[in-house]
Structures are given as structure tokens and as C-alpha cells.
Amino acid sequence: MINKNEDNIDFGYKVVKKTDKQKLINKVFDSVASKYDLMNDITSFGIHRNWKNDLINWLSPQQTQNLADIAGGTGDIAQKFLLAGGNSAHVFDINNEMIQVGQEKYKNLKNLKWTNASAENLPVDDNLFERATMSFGLRNITNRKKSLHEIFRILKPGGRFICLEFNRVENDIFRRLYDFWSFNIVPEIGEKITGNKEAYTYLVESIRKFPNQAELSLMFADVGFSRVKYRNLSNGLVSLHSGWKL
Ligand SMILES: C[S@@+](CC[C@H](N)C(=O)[O-])C[C@H]1O[C@@H](n2cnc3c(N)ncnc32)[C@H](O)[C@@H]1O
């Protein structure tokens, strides 16, 4: 058994070596990539599309703005940003399988670029993008503080970052229903559709280990973001956190 100390980290409810976490995360997304979008639609009843639209509405893309979508996976946020009037979008993701699914899905979209890179070490210059986003990514990242620093670094002064993540449901009854659905049903659907029950067990557990709304706001402020605000969606099941580089 691995003990909790500074060399270790949560992987869902398990504790693993920090140096192993990224490999385990990559395995999860390697195995679900081809069914990732379908699983999102089934397990959220399609509501993940509304949450992503809410992110884009709050971001309010302009023709003068270029987006870095970090841990962008199969590219939904980047696509929505472009359709809403943004100038260009650059998806960064550590997983090639996820990128390939996205590239195929959005092959006709112009001004969309893809780079295989870790959020902890973005291979771009400082002060480059007007906007940055991360949707359901931060929870999976080993060194979250480092990746938030990286996002801050690549934003231009005056730039804005919005993060969409699962968070804490406020209503007790809704939380019980949601817990039942996510712990008992989601892994079974994951097994049937992707053949990987453990991947969806991890994803569900990782939500419960993630910092709550107030803690995440503090993490934003700690790396230098100003005017940090958050909005709960679906009773806090997910939240949007916004911060500015001023
Ligand atoms: C739950 S998916 C979210 C995908 C997409 N943003 C969305 O909202 O549908 C999480 C993504 O984070 C990526 N990821 C995990 N660790 C990462 C890291 N260190 N750097 C960049 N991407 C990472 C995974 O490869 C995966 O594509």
C-alpha cells in the first residue's frame, strides 16, 4: 500500500506516486478516446453541451481574440469559440488519441490548430493569447498549480481564463441522486460502451477529490489572476471559474 506523503497524489480514491499519475491518466483517455464524445452525451444526458455553451457565452468571443484551449481533448470548446466569432483556436492536449478524434471531427474548421503538449509545460511564448479555457481538464492534471501558472504566462495582459469543472452539488436530494447515478450507473455504462469500467470509476471519484468552488478561486488568485469569480451551473454540479491577467 502506498502512503500519503508529498511524493504521492490522488488518482480518484486511490493514492499513487506523483510520477505515475500522468501515465495512468493517459491510459484512461487512450482507452476511451473513440467513445469519449458519446459517453459525455449519455452520462450527462447531453447537458455537457449546455455547460460548454455557458462557458462560451461568458467568455463572449470577439474577432480580435485568439484562444488557447488547454487539455482541449476532442476540441468542443475550440469549435464553439470559433463558431461564436473568435479569430483562432489552439488546442493543447497531452493525449494524441483524443487529438486525433478531434482533428477528424472538426477537419473542416479553419483557424483551428492542435498541439500535443502538457498543460504543465506549454510550448509557446509568454503573452500570446487573448483568451484561455480549460474544460474538464484541471481535475486530471498532476501539478495543477504549475499548469495554472502556464496558462497565466501565455495569456496577454488583459487576457482572460475560464475553467469549466465538475464541482459540489448544493442541494442534498439532488446530490444523493447524482451520487447514485455517477457511482452506480456511469461506470457500468463506461464498461458497456468503452470496455473500461475503471476509467469511469476514476473519472467519477476524481470529481469528489477536486477542490471546491472557494478553494479553486483561491488557487486562481494564488497564481496571479485578478477579478476571480465563479458561477455554479446545474446546482453546482459544475462550475465556471473566471480570472483575468491584469
Ligand atoms: C475529460 S477530458 C476533457 C476534454 C475536453 N476539454 C472536453 O471538455 O470535452 C480531459 C482531457 O485532459 C487531457 N489531459 C490530461 N492530462 C493533461 C495534461 N497534463 N496536459 C494536457 N492535457 C491533459 C486528457 O488527455 C483529456 O483529453
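Coordinates for the structure precede this section.
Here is a short report on the structure shown in this document. (Residues numbered from 1 in each chain as written. Predicted model: local features only at pLDDT ≥ 70, side-chain atom pairs only at ≥ 80, totals over all residues. Heavy atoms only, no water.)

1. What about the site of the ligand?
Right, so step 1: Taken together, 19 residues are adjacent to the ligand, and Tyr-36, Ala-71, Asp-93, Ala-119 and Ser-135 come closest.
Right, so step 2: Take Tyr-36: an N or O atom from its side chain is 2.8 Å from an oxygen atom of the ligand.
Right, so step 3: At 3.3 Å, a backbone N or O of Ile-94 approaches a nitrogen atom of the ligand.
Right, so step 4: Protein contact buries 99% of the 590 Å² of open area that the ligand shows by itself. (Near = heavy atom within 4 Å. Polar contact = N/O pair within 3.5 Å; in protein donor to acceptor, adjacent residues only side chain to side chain. Areas by Shrake-Rupley, 256 points an atom, 1.4 Å probe, with all protein chains shown as cover.)

2. Examining the packing of aromatic side chains
Right, so step 1: Inspection of every chain in the model, using the stated rule, returns 12 aromatic pairs.
Right, so step 2: Both rings, one in Phe-11 and one in Tyr-202, keep their centres 4.3 Å apart while their planes meet at 10°; by these two values the pair is stacked. Residue Phe-11 is found in strand β1 (residues 8–11), and its partner Tyr-202 is found in helix α8 (residues 197–209); the two are separated by 191 residues along the sequence.
Right, so step 3: Seen from their ring centres, Trp-51 and Phe-166 are 6.0 Å apart, and the 85° between their planes marks the pair as edge-to-face. Here the residue Trp-51 occupies a position in helix α3 (residues 47–59), and Phe-166 occupies one in strand β7 (residues 155–166), the gap between them amounting to 115 residues.
Right, so step 4: Taken together, Phe-152, Phe-161, Phe-220 and Phe-225 form an aromatic cluster joined through their ring pairs.
Right, so step 5: The side chain of Arg-160 reaches across the aromatic face of Trp-58, ending 5.1 Å from its centre. (Phe/Tyr/Trp six-rings, centres within 6.5 Å; stacked < 30°, edge-to-face > 60°. Helix = DSSP H or I, 4+ residues; strand = E, 2+ residues; numbered from the N terminus. Lys NZ or Arg CZ within 6 Å of the ring centre and 35° of its normal.)

3. Brief notes about the packing of helix α6 (residues 144–154) against helix α9 (residues 213–223)
Right, so step 1: It is the contact of α6 with α9, at a shortest axis distance of 9 Å, that shows an interaxial angle of 55°. The pairing of α6 with α9 is recorded here as oblique in orientation. Pair α6 / α9 crosses with right-handed handedness. Contacts between α6 and α9 involve Arg-144, Lys-145, Leu-148, His-149 and Phe-152 from the former and Met-219, Phe-220 and Val-223 from the latter. (Axes fitted to C-alpha atoms, helices over the stretch in contact; angles between N-to-C directions. Parallel < 35°, antiparallel > 145°, perpendicular 65-115°, else oblique. Left-handed = near helix turned anticlockwise from the far one by under 90°. Contact = heavy atoms within 4.5 Å.)

4. A look at the pattern of salt bridges
Right, so step 1: Summed over all chains, the structure comprises 13 salt bridges.
Right, so step 2: Here Asp-76 and Lys-52 are joined by a salt bridge, their closest N and O atoms 3.1 Å apart. With a gap of 24 residues between them, Asp-76 in helix α4 (residues 76–83) and Lys-52 in helix α3 connect regions that are remote in the sequence.
Right, so step 3: Of the residues examined, Asp-76 reaches a relative accessible area of 10% and is grouped as buried.
Right, so step 4: Across the pair Glu-165 and Arg-139 runs a salt bridge, and its minimum N-O distance is 2.8 Å. Of this pair, Glu-165 sits in strand β7 while Arg-139 sits in the loop between β6 (129–135) and α6, and the two are 26 residues apart along the sequence. (Salt bridge = Lys/Arg side-chain N within 4 Å of Asp/Glu carboxyl O. Buried < 20%, exposed > 50% of the residue type's maximum accessible area, 1.4 Å probe, protein only.)

5. Focus: the pairing of strand β4 (residues 88–93)
Right, so step 1: A large share of β4 lies buried, amounting to five of its six residues.
Right, so step 2: In the sheet, strand β3 (residues 66–70) pairs with β4 via five bridges, with the strands oriented parallel. Residue pairing for β4: Ile-70 is matched across the bridge by Phe-92.
Right, so step 3: Pairing of β4 with strand β5 (residues 112–116) involves five bridges; the strand directions are parallel. Residue Phe-92 lies in a different strand from β5, and its bridge partner there is Thr-115.
Right, so step 4: With helix α5 (residues 96–105) bridging β4 and its parallel neighbour β5, the resulting β-α-β unit is right-handed. (Pairing = 2+ DSSP bridges. Right-handed = clockwise from strand over helix to strand, strands pointing away.)

6. Comments concerning unusual backbone geometry
Right, so step 1: Backbone geometry places Ala-71, a non-glycine residue, at a positive phi of 55°.
Right, so step 2: For Ala-71, the location among the structural elements is in the loop between β3 and α4.
Right, so step 3: Of the residues examined, Ala-71 reaches a relative accessible area of 22% and is grouped as partly exposed.
Right, so step 4: Despite not being glycine, Asn-235 has its phi angle at roughly 65°, a positive value.
Right, so step 5: In this structure, Asn-235 sits in the loop between β8 (226–233) and β9 (238–245).

7. Description of the layout of surface pockets
Right, so step 1: Counted as a void, the largest pocket has a volume near 910 Å³.
Right, so step 2: Lining the largest pocket are 50 residues, and of these Tyr-36, Asn-40, Phe-136, Arg-139 and Phe-166 sit closest to its centre.
Right, so step 3: The set of elements that each furnish at least two residues to the lining of the largest pocket consists of α1 (18–32), α2 (36–43), α3, β3, α4, β4, α7 (172–194) and α8.
Right, so step 4: If you tally residues by element for the lining of the largest pocket, the top one is α7, at six residues.
Right, so step 5: Residue classes in the lining of the largest pocket are distributed as 27 nonpolar, 17 polar and six charged. (1 Å grid on protein atoms, 1.4 Å probe; cavity = no way out; pocket = protein on both sides within 12 Å on 5 of 7 lines; lining within 4 Å. Points joined across faces, edges and corners; volume = space filled by probe spheres on them. Nonpolar A, V, L, I, M, F, W, Y, C, P; charged D, E, K, R; others polar.)

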